[in-house]
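Summary of the model geometry
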Amino acid sequence: MSITLKMKNIRKQFPGVIALDGVNIELLKGSVLALLGENGAGKSTLMKILAGVCPQDEGVIEIFGKEVKIDNVNVAKTNGISIIFQELSLSDNLTIAENIYANKEPTKYGLIDDKKLNEECKNYLVSLGIEMDPKILVSNLSIAQKQLVEIAKGLVTNPKIIIMDEPTSALSNKETELLFNIINKLKNEGKSIIYISHRMEELFKIADFVTVLRDGKYINTVKISDTSVDELISMMVGRDMLEIYPKRDFNYQDNDVVLELKNLTKKDYYHNISLALKKGEILGMYGLMGSGRTEIVKGIFGILKKDSGEIFIENQKVEINSSKDAINCGIAFVTENRKEEGLVLTSSVAENISSVRIESIINKFGFLSYQKETNLANHYIKKLNIKTPNFEQIVNNLSGGNQQKVVLSKWFEIKPKILILDEPTRGIDVGAKFEIYKFINELSKSGVGIILISSELPEVLNMADKILVINDKKVITKLDADKTNQEEIMTYITNKKEVNL
Amino acid sequence: MINNKILKNYGGALLALSVLVVLFSILSPYFFNVDNLLTILSQVSIIAIMAFGMTYVLMLGQTDLSVGAIAALSSLVLGVMLNLKVPTLLAILIAILSGLGAGLINGILGIKLNAPGFIITVATVGIFRGLVYTITDSKPVVIEDTFILALGNSKLFNLIPYTVIVMLVLMHLAQIVLAKTRFGRNAKMMGGNKVAAEYVGINTKSIYLKVFMISGIMAAISGILLASRLYSSQPNIAQGYELDAIASAVLGGTSLSGGYGSVIGTLLGSIVMGVINNGMNLIRLPYYYQQIVKGIIILIAVYLDIKNKKSILSKGGK
């Protein structure tokens, strides 16, 4: 096989950090190279170099044996490089077709030919196996659908080198299958793909080779058929990681109910939800994208207010009409989209941590106390091992895992009785995941009732005590995490069989 | 199908317009006749043309507060050129170029200083207006050119004011460029997601410049028509017109935060404003009450518009 892309001894320095040092990449024609590394390992910098957004300081890039200098976006494009971003780069105010064909719309007499645009787009989507109406506004799509559009947009220029950054983080199993079909098709056409993902199982399904980076340095490249999950993880974290999930040495009291829902219903969002969460219990909620799992917890938190049903906290009936009520009841909610709903990205670590309980940093004169805020922030930076130069760092500059730790700190500060975690480890690397799991276990041990929503089955199975399976806006069944497995849960969801609780 | 689309896009403005027309037709016998309706169109044309340019600026998520000052500047340039015996059409061209130049300055400053158009134009509004006062020494320049005077004060077939024709031609042009050209589409994308626009290779700086230049040109044309109406160039004209232009565009469904814009909607918006002004004058509502009513009606229309947009966005969402 011939080599499509070669990157030799790439070095990139930013003020204060060496993002990449001596990194080598070799991408073969018609193959998938997985790029693996913890957040902050330098994957995104490498991508940005290939995208022409920030050129390397040292090192050589060769495409089909020819040296190229990629110093702007257009050079990358003319060399057939296309990047599919994890941060959705779509414009919400435009239709699917307008986004996919942005800046290359078919024209007639200098005017955009919308009819042709939509027809072309329709045919193109069909050829990828995506069934969507190209005239729909992107703002009307679910995150998963948007991600599919993003993929279609990245492939429309017929690129030779395709870089996919966590393309499946928002996709359900069915859509992931669709993506893998597309990738296999691309491989057969002789295209080359760099695939970035934290989901190990995926790599073994789709990748041919894996290159591991750690702290900006090149570690190794291996054939996927010659390696194992354990080996890859130890290359990534630089030590042997015996377990992905920390052990839990704690049993909760079965009669100590902290949160109880009775027939909670909101039309079109969730129906007849009943559950009982005990002190110190981790209750998993598993369901596919759009199953209603997020809506249920938003109902508890007063954001998608119930039409009917009752909520009890420590056996007392409560009315939760707003997030403020929920917080006053001792409920904390770590949302699914930490960047949109969880953090003020332009504020510092300290400001974010103190934001939920600002009264805790007010001094005796009624003013915000810098000292108290600093102490508070440093306390959590240490406790959760948040990797940040200092408490004044802008949150936007932290990696995903560390951002999530900031969100957890902020909610822990209200001393919650009930903690709702919606996809707490999405897009986070193994090392940070482990620390977050450890923190969750600690919290449950201290008596906090935890609801854990996840679309990663192994996560729910390993972390939770009980698992609620959610489908079609209803609770389908409740299972013991110890006594069930992935297959059983998937049968419940795919057969949609209903079980009396 | 088409009717449906119009209702969806301009429902708020159309509803407000019909309510107002019915209301004033009942309240005043002079309101609902062809002459008066054409008068309204002619009255709104100057603000509307300015608002067409503003639509582009708002769609980018920007604001241009200097359009009133640019109108005054171009009307002065026109007056001075005519006094220097420059041929009429050339004088008009130079006046329009002065608006374009002013827009270019706004654009370059915005890019070089990397600051929002809002604050840049807060600064340039003072500079442009100050320039006008300095050159004219605060005195009006009389215009006697028959062509120019006809433009703002005569009617085609003695029925349709030329200003209305100019406005309609510009509306079509602006709408086609906005909805049907790659430039317009790219500007819309930039207003919705600037980073995404940059990644597909759109030159966002060039679009930013062009949009402020378009705004400058439209403001200049307004200034020329205004000078014609007043038979003179006056340094203090078009004060506060920028706010009316913004209100017209927003009433017509253009989003203040960028990403959505429609020139046709803007025309509807300015007609709503014109009908309110005209109707209240006909029923002899005192001026101060007029201000209050106008404010309230804008609030209602904006509310309807936001509600309308929400329902469009949520449809098929979940």
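These numbers were taken from a predicted model, which means no experiment stands behind them.

Once that is clear, we can look at the overall build of chain A. Per the secondary structure count, chain A includes 17 helices and 22 strands. For 501 residues, the compact-globule formula gives about 23 Å, and the C-alpha radius of gyration of chain A, at 24 Å, lands near that figure. On the principal axes, the C-alpha backbone points of chain A span a range of 70 × 50 × 50 Å. For chain A, the residues scored as buried account for 57% of the 501 residues in total. Accessible area for chain A stands at about 21900 Å²; split by element, carbon and sulfur atoms hold 47% of it. Computed over 65 positive and 67 negative side-chain charges, the separation of the two mean positions in chain A equals 1 Å.

All names here are of chain A. Read across the sheet, 4 strands follow the order β14-β13-β16-β17 without closing on themselves; strand pairing throughout is antiparallel. Edge positions in the open sheet fall to β14 (270-278) and β17 (316-318), since each of these has one partner strand only. Put simply, the sheet's adjacent strands are angled 20° from each other on average, direction ignored. Relative to β14, strand β13 (residues 257-266) runs antiparallel, the two sharing 6 bridges. Within the sheet, the bridge partner assigned to K266 lies in β14 and is Y270. Packing against the sheet, helix α9 (residues 293-300) makes contact with β13, β14 and β16 (308-313), and its axis sits at approximately 70° to β14.

Quick look at the domain arrangement of chain A now. Residue and element names in this part refer to chain A. As assigned here, chain A comprises domain 1 (3-237), domain 2 (243-330 + 416-501) and domain 3 (343-415). A C-alpha centroid distance of 34 Å is found between domain 1 and domain 2. Contact residues are listed per partner, giving 10 residues for domain 1 and 12 residues for domain 2. Interface area, domain 1 with domain 2, both sides summed: about 1100 Å², of which 61% is carbon and sulfur. Between domain 1 and domain 2 we count 0 salt bridges in total. Inspection of the region where domain 1 meets domain 2 yields 0 residue pairs in polar contact (both at pLDDT 80 or more). Broken down by class, the residue content of the side of domain 1 that touches domain 2 amounts to 4 nonpolar, 4 polar and 2 charged.

What follows deals with the packing of helix α3 (residues 67-83) of chain B against helix α10 (residues 204-230) of chain B. Residue and element names in this part refer to chain B. Where α3 meets α10, the closest approach of the two axes is 7 Å, and the angle between their N-to-C directions is 55°. By the angle between their directions, the pair α3 and α10 is classed as oblique. The way α3 lies across α10 gives a crossing that is right-handed. When α3 is examined against α10, the residues V67, I70, A71, S74, S75 and L78 are found in contact with a partner set consisting of S215, G216, A219, A220, G223, I224 and A227. Class assignment for the residues of the contact of α3 with α10 results in 8 nonpolar, 5 polar and no charged.

This part takes up the sheet that holds strand β19 (residues 418-422) of chain A. Working definition: the strands of a sheet are paired by backbone hydrogen bonds and lie parallel or antiparallel to each other. Residue and element names in this part refer to chain A. The mixed open sheet is built from 6 strands, whose spatial order is β18-β19-β20-β15-β21-β22. The open sheet has two free edges, formed respectively by β18 (331-334) and β22 (474-480), since each of these has just one partner strand. Each neighbouring strand pair of the sheet contributes to a mean axis angle of 20°, computed without reference to strand direction. In terms of strand pairing, strand β15 (residues 282-286) meets strand β21 (residues 466-471) through 4 bridges, oriented parallel. Bridge pairing in β21 places M285 opposite L468. Against the sheet, helix α14 (residues 400-412) engages β18 and β19, with an angle of about 170° to β18.

Moving on to a nonpolar patch on the surface. Taken together, the side chains of V22, L23, I26 and L27 of chain B make up a nonpolar region of the molecular surface, amounting to roughly 400 Å² of accessible area. The topology assignment puts L27 of chain B in helix α1 (residues 2-27).

A common way to report how large an interface is uses the accessible area buried once the components associate. Tallying the contact residues gives 29 residues for chain A and 24 residues for chain B. Summing the contributions of chain A and of chain B, the shared interface buries around 2300 Å²; its carbon and sulfur component is 51%. In terms of surface lost to chain B, no three residues of chain A exceed N93, N103 and N140 of chain A, which account for 26% of the buried area on that side. Summed over the shared surface of chain A and chain B, the number is 4 salt bridges. With its nearest N and O atoms 3.4 Å apart, the salt bridge here joins R185 of chain B to E98 of chain A. Our count for the chain A to chain B interface comes out at 11 residue pairs in polar contact (both at pLDDT 80 or more).

Looking now at unusual backbone geometry. All names here are of chain A. Its identity is not glycine, yet N263 carries a phi of approximately 50°, on the positive side. Checked against the element boundaries, N263 lands in strand β13. Positive phi, close to 50°, is recorded for N272, a residue that is not glycine. Tracing the backbone shows N272 in strand β14.

Attention shifts here to the environment of I362 of chain A. Residues and elements named next belong to chain A. With respect to the helices and strands, I362 occurs in the loop between α12 (349-354) and α13 (370-383). By relative accessible area, I362 is classed as partly exposed at 32%. Separated by 38 residues in the primary sequence, I362 and G400 have C-alpha atoms spaced 30 Å apart. Here I362 is in contact with F367, L368 and K372, once residues within four sequence places are set aside.

Time to look at the packing of aromatic side chains. All names here are of chain A. Under the definition given, this model contains 11 aromatic pairs over all chains. Between the aromatic rings of Y370 and F391, the centroid separation amounts to 6.3 Å while the plane-to-plane angle is 65°, which identifies the pairing as edge-to-face. Within this pair, whereas Y370 is found in helix α13, its partner F391 is found in the loop between α13 and α14, the two being separated by 21 residues in sequence. Among the residues examined, F391 registers a relative accessible area of 15% and is labelled buried. Ring geometry for Y380 versus F412: centroids 6.1 Å apart, planes at 80°, classification edge-to-face. Placement of the pair is Y380 in helix α13 and F412 in helix α14, with a sequence separation of 32 residues. An aromatic cluster is defined as three or more aromatic residues linked by ring pairs; in this entry it consists of F301, F333 and W411.

This next bit is on the environment of I10 of chain A. All names here are of chain A. Position of I10 among the secondary structure elements: in strand β1 (residues 3-14). In this structure, the C-alpha to C-alpha distance between I10 and L46, residues 36 residues apart in sequence, is 8.5 Å. Contacts of I10, omitting those with residues within four sequence positions, involve L20, D21, G22, V23, I49, Q56, E58, G59, V60 and I61.

We now examine the packing of helix α7 (residues 162-180) of chain B against helix α8 (residues 182-192) of chain B. Residues and elements named next belong to chain B. Between α7 and α8, the shortest axis-to-axis distance is 5 Å and the interhelical angle comes to 65°. Here α7 lies roughly perpendicular to α8, going by the angle between them. On the side of α7, the interface is formed by V177, L178, A179 and K180, while α8 contributes R182, F183, G184 and R185. Grouping the amino acids of the contact of α7 with α8 by side-chain chemistry returns 4 nonpolar, 1 polar and 3 charged.

On to the nonpolar core, then. The biggest cluster of nonpolar side chains holds 81 residues, and the ones touching the most others in it are L259, L275, M285, I300, I331, I451 and I467 of chain A. For this core, the element with the most residues is helix α15 (residues 430-445) of chain A, which contributes 6 residues. Here this core gathers at least three residues from each of two domains, domain 2 (243-330 + 416-501) and domain 3 (343-415) of chain A. Discounting chain neighbours no more than four positions away, the residues touching I331 of chain A are I300, F301, I313, I320, A326, W411, I414, I418 and I420 of chain A. L20, V67, L170 and A197 of chain B belong to the second largest nonpolar core, which has 77 residues in total.

On to the pattern of salt bridges. Summed over all chains, the structure comprises 22 salt bridges over all chains. Among the ionic pairs, E319 of chain A bridges to K306 of chain A, the shortest N-O distance being 3.4 Å. Here E319 of chain A, found in the loop between β17 and α10 (323-328), pairs with K306 of chain A, found in the loop between α9 and β16; they are 13 residues apart in sequence, far enough to count as distant. Owing to a relative accessible area of 44%, E319 of chain A belongs among the partly exposed residues under this scheme. Taking the relative accessible area as the measure of exposure, K306 of chain A reaches 16% and is therefore buried. Among the charged side chains, a salt-bridge network with shared partners connects E98 and D114 of chain A together with K180 and R185 of chain B.

Cut-offs used in this document
- Residues numbered from 1 in each chain as written.
- Chains lettered and ligands numbered in written order.
- Predicted model: local features only at pLDDT ≥ 70, side-chain atom pairs only at ≥ 80, totals over all residues.
- Heavy atoms only, no water.
- Helix = DSSP H or I, 4+ residues; strand = E, 2+ residues; numbered from the N terminus.
- Rg over C-alpha atoms; globule rule 2.2 N^0.38 Å.
- Buried < 20%, exposed > 50% of the residue type's maximum accessible area, 1.4 Å probe, protein only.
- Areas by Shrake-Rupley, 256 points an atom, 1.4 Å probe, with all protein chains shown as cover.
- Lys, Arg positive; Asp, Glu negative; His and termini not counted.
- Charge placed at Lys NZ, Arg CZ, Asp CG, Glu CD.
- Pairing = 2+ DSSP bridges.
- Axes fitted to C-alpha atoms, helices over the stretch in contact; angles between N-to-C directions.
- Contact = heavy atoms within 4.5 Å.
- Domains from an automatic or database assignment.
- Buried area = accessible area lost by both parts, 1.4 Å probe.
- Salt bridge = Lys/Arg side-chain N within 4 Å of Asp/Glu carboxyl O.
- Polar contact = N/O pair within 3.5 Å; in protein donor to acceptor, adjacent residues only side chain to side chain.
- Nonpolar A, V, L, I, M, F, W, Y, C, P; charged D, E, K, R; others polar.
- Parallel < 35°, antiparallel > 145°, perpendicular 65-115°, else oblique.
- Left-handed = near helix turned anticlockwise from the far one by under 90°.
- Patch = residues over 30% accessible without salt bridge, like charges linked within 9 Å, V, L, I, M, F, W, Y side chains within 5 Å.
- Phe/Tyr/Trp six-rings, centres within 6.5 Å; stacked < 30°, edge-to-face > 60°.
- Core = buried A, V, L, I, M, F, W, Y, C linked by side-chain atoms within 4.5 Å.

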